[in-house]
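Here is what each chain is made of, one letter per residue.
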Amino acid sequence: MYRFDRTEYDKRMEWYKDARFGMFIHWGLYAIPARGEWIRSVEEVPKEEYMKYFREFNPVDFDAKAWAKAARDAGMKYVVLTAKHHDGFCLFDSKHTDFKSTNTKCGRDFVKEFVEAVRGEGLRVGLYFTLLDWYHEDYPHYGDKNHPMRNNKAYTNENRNFDNYLTYMHNQVREICTNYGKLDILWFDFSYDDMRGEKWRATELVDMVRSLQPEVIIDNRLEVSGEGYGSLASGNPMPYHGDFVSPEQIIPPNGIQDVNGEDLVWESCVTMNNNWGYCAEDHYFKPASMLIKKLVECVSKGGNMLLNVGPDAKGNIPIESMEILHEIGRWMKKNKESIYGCGKAEIEKPDFGRVTRRGNHLYFHIYENTIGPVPLQGFKKEEVKGIRYLATGAEIPISDSWVHSDYPDMVFANLGPDPVLLDAVDTVL
Ligand code: JFZ
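Residues numbered from 1 in each chain as written. Predicted model: local features only at pLDDT ≥ 70, side-chain atom pairs only at ≥ 80, totals over all residues.

The cut-off we apply is this: UniProt positions are given in the numbering used here, feature names are shortened, and annotations may be inferred rather than shown by experiment.
Looking at an unreviewed UniProt entry, one finds the chain named alpha-L-fucosidase and attributed to Blautia pseudococcoides. Looking at the Function (unreviewed entry) heading of the UniProt record, one finds this comment for the chain: "Alpha-L-fucosidase is responsible for hydrolyzing the alpha-1,6-linked fucose joined to the reducing-end N-acetylglucosamine of the carbohydrate moieties of glycoproteins." Its UniProt record gives the chain a comment under Sequence similarities (unreviewed entry), which states: "Belongs to the glycosyl hydrolase 29 family."

Here is the structure:
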């Protein structure tokens, strides 16, 4: 029987909780039609028609080092790439299929290039691997009348040999866990309806993964989809519980706790526009300032943020995304101490922004111009050793103006006429 080992778990999760910020990359054949990664299902593209992208695929600009560098320059500590997405196309050299990048014009193993480049930048390596597969004959296709993603009815296997598919899927997971060195994260996606847990032969799968990659961190989607916390939260973890909760496109209002009120490890995945895979028409990018606030929000609630980019068919990260990454990078360069290794401040969120904490440092992120001195609440004046701009190290005087005599215990930071918005104020207790 599976027993949850707290000590082992805490050790495994240490780097990940410190890292706080990672890059998600959705990339595959779907970058050619450029209407998002779900195109084959949403537009019900027949296999023969989709194969034309396979024959055409030739990302002449693909440069894993450039991706890894972009992540590092943005202040990210890990990168997760879609080794295989739902369309079934493999970015790695799998022995068990012909539907792989090494069989396209370019003949390259992108996962290999990716893991080497990411490690080369000193970052942690993650691979996303889909549990669904719209290419495999034994996976229920989009055209099946019982396809769960079309009508939400429970999956009936009809004439397909689903177990055959599962063997295929397990074999491929074995390949990515064997042929690419040490993986730091394995990001399975996803469970739905009654397709969860043992329907994927999940205990067997996780046993294999852990035997090949003892330190790998696994998400919780062998049990759940983007919604739901999974059995880690129940106080009675299943063998395939996963190591972190993976809310998608939302940031949990109060972080995430288990049944006993203990904080859980979680990571919000957030995409820059409204698609994960490249979408030529989607120019609705969130401003960098908003994404910085989202990152701070995640950290202030004890979580990570995995920020997605969808490179195009030639292999380039879209220019809009690159500009956003640059801006975030400039901010991270000045403020990274308020992110790495930080977590909940355990004080009330102020009106003007959010607070993160590491040890005796409280990092107040100022989102708004306030009128006059900024009230820093959550501790007593006598407790404060000093207040500094994190970006410059410059001292910030504590205001003692008569205006505040109604709040004799409260610290008012005199940020002066030009507080740098979004930047952190480092309050040392
Ligand atoms: C999944 C993928 O389908 C998607 O393409 C992307 O990779 C994302 C990160 O993960 O998206 C999901 C998964 C589950 C739900 C919604 C989107 N869900 O159950 O609501």
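Now that the structure has been shown, the text picks up again.
## Some details on the overall build of the chain
Put simply, the test is: Starting at the N terminus, helices and strands are each numbered in turn, a helix being any DSSP run of H or I of at least four residues and a strand any DSSP run of E of at least two. The globule rule used for comparison is 2.2 Å times the number of residues to the exponent 0.38, while the radius of gyration itself is calculated over C-alpha atoms. Buried, partly exposed and exposed are defined by the number of other C-beta atoms within 10 Å of a residue's own C-beta, namely 20 or more, between the two limits, and 12 or fewer respectively, with C-beta atoms placed from the backbone.
Looking only at helices and strands, the chain has 10 helices and 15 strands in total. Since a compact globule built from 429 residues should have a radius of gyration of about 22 Å, the 23 Å found for the chain is in line with a globular shape. The dimensions of the chain, computed from C-alpha atoms along their principal axes, are 80 × 50 × 40 Å. With 429 residues in all, the chain has 45% of them scored as buried.

## Things to note about the nonpolar core
How we decide: In these notes, a nonpolar core means any group of buried Ala, Val, Leu, Ile, Met, Phe, Trp, Tyr and Cys residues linked to one another through C-beta atoms within 7 Å. Here, residue contact means that the backbone-derived C-beta atoms of the two residues sit within 7 Å.
Counting 119 residues, the largest nonpolar core has V79, V80, L81, A83, V111, L127 and L186 as its most contacted members. Per-element tally for this core: the top contributor is helix α9 (residues 288-300), with 7 residues. In this view, L186 contacts L127, F129, V209, V216 and I218; residues no more than four positions away in its chain are not counted.

## Quick notes on the confidence of the model for the chain
Caution is warranted with low-pLDDT regions, since their predicted coordinates should not be read in detail. So the rule is basically this: Confidence of the predictor at the level of single residues is captured by pLDDT, which takes values from 0 to 100.
When pLDDT is averaged along the chain, the result is 93; 94% of the residues meet or exceed 70. For the stretch residues 151-155, pLDDT sits under 50, and the model shows 12 contacts to residues farther than four places along the chain or on other chains.

## Notes on unusual backbone geometry
At the junction of D189 and F190, the peptide bond is cis and its omega measures out at -10 degrees in the coordinates. Position of F190 relative to the elements: it lies in the loop between β4 (185-189) and α8 (202-212). The residue R201 is not glycine, and still its phi comes out positive at about 55 degrees. Relative to the elements of secondary structure, R201 occurs in the loop between β4 and α8.

## Looking at the site of the ligand
Stated precisely, the cut-off is as follows: Nearness rests on one distance test: the residue's C-beta atom, set from the backbone, must lie within 6 Å of the molecule or strand. Three categories are distinguished: nonpolar for Ala, Val, Leu, Ile, Met, Phe, Trp, Tyr, Cys and Pro, charged for Asp, Glu, Lys and Arg, and polar for the others, with Gly belonging to the last.
Lining the immediate surroundings of the ligand are H26, E37, W38, D189, F190, Y192, S225, G226, E227, E248, C269 and W276. A per-class count over the shell around the ligand returns 5 nonpolar, 3 polar and 4 charged.

## Side note on the environment of T356
Within the secondary structure layout, T356 lies in strand β9 (residues 353-358). When the 28 C-beta atoms within 10 Å are taken as the criterion, T356 is described as buried. It is 19 Å that separates the C-alpha atoms of T356 and G329, two residues lying 27 residues apart in sequence. Ignoring any residue separated from it by four or fewer positions in sequence, one finds T356 in contact with V296, V299, S300, S338, C342, G343, A345 and Y363.

## Concerning the sheet that holds strand β14 (residues 411-413)
In plain terms, the rule: The rule for pairing is simple: two strands pair if DSSP sees at least two bridges between them.
Taken in spatial order, the 3 strands make up an open sheet running β11-β14-β13, and their pairing is antiparallel. Each end of this open sheet is capped by a strand with a single partner; those strands are β11 (374-376) and β13 (398-399). Where β13 meets β14, 2 bridges bridge the pair, whose relative direction is antiparallel. Bridging from a neighbouring strand, S399 pairs with F412 of β14.

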